[in-house]
Amino acid sequence: MTDSDKKTLFINDIEVEFDKEKTILEVAKKAGIEIPTFCYRPDLTQFGACRMCVVEIEKRGIQASCTMPPEAGLRVYTNTKKVRKIRKTILELLLARHDRECTMCSKSGSCELQKYSQEYGVTNISFEKIKEEDLLPIDTSSYSIQRDMNKCILCGACVRACHEFQGLGVLDFYNRGYKAKVQTMANKNMFDVDCVNCGQCASVCPTGALTVKSNIDCVYDFLGDREIKTAIQFAPSVRVALGEMFGLKAGENSVKKMYAAARKLGFDLVFDTNFSADLTIMEEANEFVQRVVKNENLPIFTSCCPAWVRYMELKHPDMLNHLSTAKSPQEMLSSTIKEFVPKFYEGVTKENLKVVSVMPCSAKKYEAKREELNGQTDVVLTTVEFAKMIQAEGIDFKNLKEEEANSPFGGYSGGATIFGASGGVAEAAVRTAYNMITGKDLENLDIVPLRGVDAASRSKEAVLDIQGKKVKIRVVSTLIEAEKAVREVKEGKADFQMLEVMACPGGCINGAGQPISCKDSKIKEERMEGLYKEDKSLPIRNSHDNPEIKKLYKEFLETPGSKLAHHLLHTTYSDKRKGSYLDLK
Amino acid sequence: MTELKSSIDFTKIDKILSDYGYEKTNLITVLQKVQEVYKFLPEDAITYIGDKIEGLSPATVLGVATFYAQFSLEPKGKYEIKVCDGTACHVRGSLPVLEAIKEKLPMENGKMTTKDGLFSVETVSCLGACGLAPVVVINEKVYPQMTPEAITLIIDTLMKEEGR
């Protein structure tokens, strides 16, 4: 590109170059100026609903920067007196129809409406508060998501997330003008519609209208009870995101501080879901190999993501035979802990042991309540909830002395840690399946085509040569991509033998339980890099090489897929259609 | 196939959907045709349409149905009374006419149809008959230059015809 091709515009009189940026807002961001927004989410379509991002453009007047394309030579001012006045009025108008009891709101502290109201000095609202009797009831029916429409500012981010990521459209606008609301079909409870609990609606919500349900109180009850022994486990992607709540960079691995914090909080036993991610790989890879040998129920669908499993049960109950019967890592570890910990640790019995898991996910809260799983996981916390407990306890997380997890059930391989990013499960499964078939390890353990969490990597494939047989693996994130893959299978057009699905765009690193990442697409990439970095740095990178896993099979489970393994580590699925016309009464 | 417990005959809706190719872009036409059949849009029909058209959901179809004033979610009466409240009718006194109707036909809070299902009342924007303001339309018949007294008389006559 020559100098004359360069296009520039002026933001607050500073010349800024632009190239692929689609909007003034993106150009401003590049120049280091963050324009306030509610409805703008880089991973969703532009919407232009909230008008918070207005800027003043010379000869063009006031424009919404999130929908205005950049043009060479424009002179944009992002913070003039006029702009500030408009933004302040917008805030006042939004707050006029908003339940303003901030202290009792679970979003307090991370609410964008609260943040901007402070920044713009909204100290007086000339409109009356909503009367108590006019407040809408709060929907707490779901295990995962709480819906409080008194906090909704109609930015439509949730509506877009549900449509554009999951293709479900559980939430949509209802009515118009003053009467407009965001709601489910006929305002049914979230529990009674075909919601998969992925929580992406909550993770893009700028206010407390949609939040992930909290179960902290229950954990404090366990910790405060001397009779109860508490075990905790951490999902792979938690270790590269938790630190963000304490000023660490996204992707920085704080796993050993995390263990230390758990012990400081009073947990008796600190385990790692990564251990059972390795276990999942042993079972799932074995299942895959068996299916390939028998040529049945192919392609195999991974079953780690509870939102995806629920999607299959809701939308494709005729294809449940494709799902791997292996439980998710959370459930595998809970079952394993409940079964074996009393044998290894003194004073712990099946009865007095409670298992708490820390997950990047809202759907895991639902999964723990699945009847098929018998309540092995007692409580599920999100990454953010766990961070809040650390904050409440006054623990200086950044300066914690690093500790190790308990052993057994705490050691893990690199294959386990990459579960947290879309493509990781398939990569780890292939490493182990290859070994199961050939008796040798892959020459190059990195299966690069399966990596990546940006919007372009929501569907990716890799072909492997295993003893002259070509095996194709498809990896998708978001259910809208999963649906495409499932249809290929239904129509007999699928040429892949394994399908990995994660419901959240980019996988668990971008789950609804993680610290807010919807305003910056780069955060999930940094978290992903953190996981692959750990994989590379670990002495053991294959699940089948994890000594604790080997020991567990040698002493108890015998082989993957054995009778005991099936009893403990596998589950069943069933038709759970809801909210469809088939469900009408 | 699972036995359906709805009071709605889905085969009728299926016919309409297939006439319009189960296309997302034809949603409004589909809703209009369904409303012609039932005189309103039953909730079960909305759920069905949301399930059957790719790219839509029941919540989305309901959103469209509630966005446009032409769609009704509750059954309309045998007599559909439309009171024009466009600018001309408004300044010539459409609201007193509406009040007179409401007094004559008491309805439950928030409802637009009388309990016996005989009358439904709604205001509409300009009907294009400003010269005749204020205008009331009952089913297809236009009543010009309405007053509270005149509309009361008209409703009385209709009620008498129905034997009330």
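Remember, predicted model here, so these are calculated numbers, not experimental data.

A. Region of interest: the domain arrangement of chain A. Residues and elements named next belong to chain A. The domain architecture assigned to chain A consists of domain 1 (3-79), domain 2 (89-212) and domain 3 (217-569). Computed over C-alpha atoms only, the centres of domain 1 and domain 2 are separated by 27 Å. Counting from both sides, the interface comprises 11 residues of domain 1 and, opposite them, 13 residues of domain 2. The class makeup of the residues in the side of domain 1 that touches domain 2 is 8 nonpolar, 1 polar and 2 charged.

B. Region of the structure containing the sheet that holds strand S1 (residues 7-11) of chain A. Residues and elements named next belong to chain A. A sheet is described by the order of its strands in space; here 5 strands give the open sequence S2-S1-S5-S3-S4, paired in mixed fashion. Two strands lie at the open edges of the sheet, namely strand S2 (14-18) and strand S4 (61-64), each paired on one side alone. Averaged over all adjacent pairs, the angle separating strand axes in this sheet is 40°, with direction ignored. Both S1 and S2 contribute to a ladder of 5 bridges, which runs antiparallel.

C. Just the interface of chain A and chain B, in detail. In this complex, chain A contributes 18 residues to the contact, which on the side of chain B involves 18 residues. Residue composition of the side of chain A that touches chain B, grouped by class: 10 nonpolar, 5 polar and 3 charged.

D. Expanded view of the domain arrangement of chain B. Domain parsing of chain B yields domain 1 (10-67) and domain 2 (79-161). With centres defined by C-alpha atoms, the gap from domain 1 of chain B to domain 2 of chain B works out at 30 Å.

E. A look at the packing of helix H8 (residues 273-294) of chain A against helix H10 (residues 329-344) of chain A. Residue and element names in this part refer to chain A. The interhelical angle for the contact between H8 and H10, taken along N-to-C directions, is 105°, at an axis separation of 8 Å. The orientation of H8 with respect to H10, classified from their angle, is roughly perpendicular. Here Thr273, Phe275, Ser276, Ala277, Leu279 and Thr280 of H8 lie close against H10, whose contacting residues are Pro329, Gln330, Met332, Leu333 and Thr336. Grouping the amino acids of the contact of H8 with H10 by side-chain chemistry returns 6 nonpolar, 5 polar and no charged.

Rules used in this analysis
Numbers given to residues run from 1 along each chain, matching the order in which its sequence is written. Chain letters start at A and ligand numbers start at 1, both assigned in the order the entries are written. pLDDT decides what is reported in this predicted model: residues at 70 or higher carry local features, side-chain atom pairs at 80 or more are listed and counted, and totals for whole chains, interfaces and linings draw on all residues regardless. Domain extents, as shown, originate in an automatic or database domain assignment. Remark: residues whose backbone-derived C-beta atoms lie within 7 Å of one another are considered to be in contact. Note on residue categories: nonpolar means Ala, Val, Leu, Ile, Met, Phe, Trp, Tyr, Cys or Pro, charged means Asp, Glu, Lys or Arg, and polar means any other residue, Gly included. At least two DSSP bridges between two strands are needed for those strands to be called paired. The secondary structure listing takes helices from DSSP runs of H or I that are at least 4 residues long and strands from runs of E that are at least 2 residues long, numbered from the N terminus. Every angle, taken between N-to-C directions, lies between 0 and 180 degrees, and every axis is a line fitted to C-alpha atoms, over only the stretch in contact when it is a helix. Here the word oblique covers every angle except those under 35 degrees (roughly parallel), over 145 (roughly antiparallel) and from 65 to 115 (roughly perpendicular).

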